[in-house]
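# Understanding the architecture of this molecule
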Amino acid sequence: MGNEKLKSTRRKFIKSAAALAGTSLGLSLLNASGLLIHAAEPEDKDLPWYGIGIDIEKCIGCGNCARACKMENDVPKEPFFFRTWVEQYTVKNNGEVDISSPDGGIEGFEQKIPDSDIFKSYFVPKMCNHCYKSPCTQVCPVGATYVSPEGVVLIDEKYCIGCRYCVQACPYGCRFIHPVKNVANKCTFCYHRLKKGLAPACMENCPTGARIYGNLRDKDSELVKFLKEHITQVLRPNLNTGSKLYYNELSSEVR
Amino acid sequence: MDPTFQHLYDILANQQGYIFPNEIELQWGILIVIYPFITGLVAGAFILASLERVFNVKILKATYQLALLTALAFLIVAPMPLISHLSQPQRAYEIMITPHSSSAMAIFGFVYLWYLMVVLLLEIWFDYRHSFVVWSNEKKGVMKWVYRILTLGISDISPRVLKWDKKLGYIITIIGIPSAFILHGYVGFIFGSIKANPWWSTPLMPIIFLFSAMVSGIALVMLVYMVISYIRKQNIDINVLNTIGRYLFFVLLLDFTLEGLDQIQRIYEAEESFQILKLLVSGKLYLTLFVSQGLVGTLIPMITLVFLQFTKHKFKFQKAIYFIICILVLIGVYSMRWNVVIGGQLFSKSFAGFTGFKLNLIGLDGTLMAIFWMVIPFAILAFLLWLLPPWKMVKEGE
């Protein structure tokens, strides 16, 4: 009797151990196939791998970039749709932080807080971070948004089903649903210009050179020099999005 | 000013603090609130039915088929709010033919089909096959053919084959329980896996969704049982109500504990997003979270259920109380879905301000559309009860 019981206990143990081992093996295979870990690897090592540098010290908040982007890319003019915008941060003497971006900063800024109350103030241009572990491409249910071989995050407008999951997944608020096309829309790094060797519209029109771009693989590129000469930071490094938008002089108030 | 954007200008004028300019417009409206509500009802109703079958709870036999048919009626409608909220609904099929392997949402179609075809339809079929055969022999005209088609040509009702029906049905129930867990846990994962949103991003989200699903499914089946008995002028068995009531209490307690745990963890860790979430729950979500979900949908039903278990009352009084509890619980779970879906979009990802939400009455994403998708399952249920009446099922040995 006792022996019988022992046998059945042993059988049970072996069964559960096998089930556990099987599950672990299954999950590890899932991992290897890239289903759980998501990151875009550069496909073609000969192509450039683009990134962006923004020098907050140089930005004067003129809004030229946001204006140029809307014109170049046919972005709806209403103040709810932006591929790039500028934020004004004002830290007051009492420690309060005031953030504003009226109409995305297209018409420039007016400081409403009296000088005597201001501790410091600066402008932060925002745009798609063209992340290489981008949460937006990870969640797209049909793969309509993808990373180009040059590391640019793009959307196939003929393929997007408009589920809006990518808009939810972007931690930087860079995506919107185009009100006429009814599909997701965002900064394309002016891919159409890039392919012709031209700079993106926002960078071309920045009067102070606060925005630059370049090939992260090319040690002599303007961007790599920028990264070498400045102490830079990306937005929300804790989220591990693999952002390729590097800021110089990024203050801790900026989200 | 373009009138199409009037509502956005209104929200812009009333925004609080700073929000990213693209965040003025809320992406997911009321249809995405009822989507997890409906799938939750499906999973919950199924789990209640499975309890009867797997653990052989004899007293719940009266609600077994009712629960399965309720689950089916709601499951048929489950993808509709999702599809109708898409900006390009005509491309919805792409999610099935070219799913993106890393997307949580892409798996929905497959989880859904698995659940519909492999679990629910098969289980119901094995359960009803004997009756289909008998009914196809008894009925005349069109209905004879309808039932004959439903037998799928398998008309053997010898005891040996019927035993197999039972055995296979049982196996499917066993497969069905984890499937129901996956179906709804997965819906929670759609939200819980968005790291950009601190209100959603918690590993507890799938589990919380699952338990709230069970709460809502159990309440719905109890409600349907009471209403159907009333319509059919049949007596309600108080033991059935008491048993389901007991389950409802335990699941409510678990659900409440889990959600409480989630909130305590957030409050104690008080991460970067804590300030904005605190403002969210004490402001824009105050009514739907503390009053509607917490008090009306959880605490009052829990206390009343305990009260009913330990005190003796007139049958009529008990019935009325159970009826009210079910409705309160459903309101509570609906509010929970609202708090997750809408609440998660009201604050800016800059953690510095709030946008607003204006619920439209008409339009593809309006209240009427949501009501429509909530009413249709009941119409389907009525049809299913007419086609497959559980009370006319052929019992073994007849």
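Everything below is about the structure shown above.
These figures come from a predicted structure and were not determined experimentally.

## Looking at the overall build of chain A
A count of helices and strands for chain A gives 7 helices and 11 strands. Counting the 255 residues in chain A, one finds 52% classified as buried. Taking the intrachain contacts of chain A between residues at least 6 apart in sequence as the baseline, contacts between residues at least 24 apart amount to 63%. Approximately 12,600 Å² of chain A is accessible, and the part contributed by carbon and sulfur atoms is 54%.

## Quick word on the sheet that holds strand S1 (residues 50-55) of chain A
Residues and elements named next belong to chain A. The strand order across the open sheet built from 4 strands is S9-S1-S11-S10, with neighbouring strands paired in mixed fashion. The strands lining the two open edges of the sheet, one partner per strand, are strand S9 (211-215) and strand S10 (232-233). Alignment of S1 against S9, held across 5 bridges, turns out to be antiparallel. Bridge assignment links Gly51 to a residue of S9, and that residue is Gly214. Relative to S9, helix H7 (residues 222-229) is tilted by about 110°, and along the sheet it contacts S1, S9, S10 and strand S11 (245-248).

## A closer look at the layout of surface pockets
Residues and elements named next belong to chain B. Estimates place the volume of the largest pocket at around 990 Å³. What lines the largest pocket is a set of 30 residues, and nearest its centre among them are Lys61, Tyr64, Gln65, Asp127 and Met393. Counting only elements with at least two residues in the lining of the largest pocket, the list comes to helix H2 (30-54), helix H3 (61-77), helix H6 (108-138), helix H8 (159-192) and helix H9 (205-231). Here the second largest pocket is characterised by a volume of approximately 850 Å³.

## Points about the side chain of Asp165(B)
All names here are of chain B. Examined against the element boundaries, Asp165 turns out to sit in helix H8. A polar contact of 2.8 Å, which involves the side chain of Asp165, links it to the side chain of Arg129. If we skip the residues at most four places from it in the chain, Asp165 touches Phe126, Arg129 and His130.

## Description of helix H10 (residues 238-269) of chain B
Residue and element names in this part refer to chain B. Here H10 spans 46 Å end to end across 32 residues, near enough to the 46 Å set by a 1.5 Å rise per residue. The distance from a side-chain oxygen at the start of H10 to the backbone nitrogen of Asn239 is 2.9 Å, and the residue carrying that oxygen is Asp237. Trailing H10 by a residue or two, Ala270 shows a phi angle of about 40°, which is positive.

## Digging into the nonpolar core
Counting 148 residues, the largest nonpolar core has Tyr165(A), Tyr115(B), Leu120(B), Phe191(B) and Leu248(B) as its most contacted members. Examining the composition of this core, we find that 17 residues originate from one element, H9(B), more than from any other. Apart from residues lying up to four places away in sequence, Leu248(B) is in contact with Val215(B), Ile218(B), Ala219(B), Met222(B), Leu305(B), Ile325(B) and Val329(B).

## Points about the packing of H2(B) against H9(B)
Residue and element names in this part refer to chain B. In contact at an axis separation of 6 Å, H2 and H9 are set at 70° when each is read in the N-to-C sense. Taken as axis vectors, H2 and H9 run roughly perpendicular relative to one another. Here H2 contributes Pro36, Gly40, Leu41, Ala43, Gly44, Ala45, Ile47 and Leu48 to the contact with H9, which in turn contributes Phe209, Ala213, Met214, Ser216, Gly217, Ile218, Leu220 and Val221. Looking at the contact of H2 with H9 residue by residue, the classes come out as 12 nonpolar, 4 polar and no charged.

## Quick word on the pattern of salt bridges
It is possible for side chains of opposite charge to pair when their charged atoms get near one another. Scanning the entire structure with this criterion turns up 12 salt bridges over all chains. For Lys181(A), the salt bridge goes to Glu157(A), with nearest N and O atoms at 3.4 Å. Here Lys181(A) is found in the loop between strand S7 (176-177) and strand S8 (184-185), whereas its partner Glu157(A) is found in the loop between strand S6 (153-155) and helix H4 (165-169), with 24 residues between them in sequence. Lys181(A) sits in the partly exposed class, given a relative accessible area of 38%. Taking the relative accessible area as the measure of exposure, Glu157(A) reaches 31% and is therefore partly exposed. Between Asp165(B) and Arg129(B) there is a salt bridge, with the nearest N and O atoms lying 2.8 Å from each other. A residue pair is termed long-range when its members are at least 10 positions apart, and Asp165(B) in helix H8 and Arg129(B) in helix H6 qualify at 36 residues.

## Notes on a nonpolar patch on the surface
Residue and element names in this part refer to chain B. Where nonpolar side chains cluster on the molecular surface, the patch consists of Phe256, Tyr286, Leu287, Phe290, Val291, Leu295, Leu299, Ile300 and Ile303 and spans about 820 Å² of accessible area. At 8 residues, helix H12 (residues 286-310) tops the list of elements feeding residues into the nonpolar patch. Turning to its location among the elements, Val291 is positioned in helix H12.

## Brief notes about the interface of chain B and chain A
Across the boundary between the two partners, chain B contributes 43 residues, which contact 51 residues of chain A. There are 1 salt bridge connecting chain B and chain A. The salt bridge involving Glu272(B) is made with Arg255(A); its shortest N-O contact spans 3.3 Å. Taken together, the connections running from chain B to chain A amount to 31 residue pairs in polar contact (both at pLDDT 80 or more). Residue assignment for the side of chain B that touches chain A shows that the elements contributing at least two residues are helix H1 (6-14) and helix H5 (94-97) of chain B. The element contributing the most residues to the side of chain B that touches chain A is H1(B), with 3 residues. A per-class count over the side of chain B that touches chain A returns 23 nonpolar, 13 polar and 7 charged.

## Observations regarding H7(A)
All names here are of chain A. Every buried residue belonging to H7 is among Leu223, Val224 and Phe226, and all of these are buried. Down the axis of H7, the smallest arc covering the buried residues is 155°, so these residues share one side. Exposed residues lying more than 90 degrees from the buried face of H7 are Glu222, Lys228 and Glu229. At its buried positions, H7 is contacted by S1, S9, S10 and S11.

About the thresholds
- Residues numbered from 1 in each chain as written.
- Chains lettered and ligands numbered in written order.
- Predicted model: local features only at pLDDT ≥ 70, side-chain atom pairs only at ≥ 80, totals over all residues.
- Heavy atoms only, no water.
- Helix = DSSP H or I, 4+ residues; strand = E, 2+ residues; numbered from the N terminus.
- Buried < 20%, exposed > 50% of the residue type's maximum accessible area, 1.4 Å probe, protein only.
- Contact = heavy atoms within 4.5 Å.
- Areas by Shrake-Rupley, 256 points an atom, 1.4 Å probe, with all protein chains shown as cover.
- Pairing = 2+ DSSP bridges.
- Axes fitted to C-alpha atoms, helices over the stretch in contact; angles between N-to-C directions.
- 1 Å grid on protein atoms, 1.4 Å probe; cavity = no way out; pocket = protein on both sides within 12 Å on 5 of 7 lines; lining within 4 Å.
- Points joined across faces, edges and corners; volume = space filled by probe spheres on them.
- Polar contact = N/O pair within 3.5 Å; in protein donor to acceptor, adjacent residues only side chain to side chain.
- Expected span 1.5 Å × (residues − 1).
- Core = buried A, V, L, I, M, F, W, Y, C linked by side-chain atoms within 4.5 Å.
- Parallel < 35°, antiparallel > 145°, perpendicular 65-115°, else oblique.
- Nonpolar A, V, L, I, M, F, W, Y, C, P; charged D, E, K, R; others polar.
- Salt bridge = Lys/Arg side-chain N within 4 Å of Asp/Glu carboxyl O.
- Patch = residues over 30% accessible without salt bridge, like charges linked within 9 Å, V, L, I, M, F, W, Y side chains within 5 Å.
- Arc of directions from axis to C-beta.

In short, shape yes, function no, at least from these values alone.
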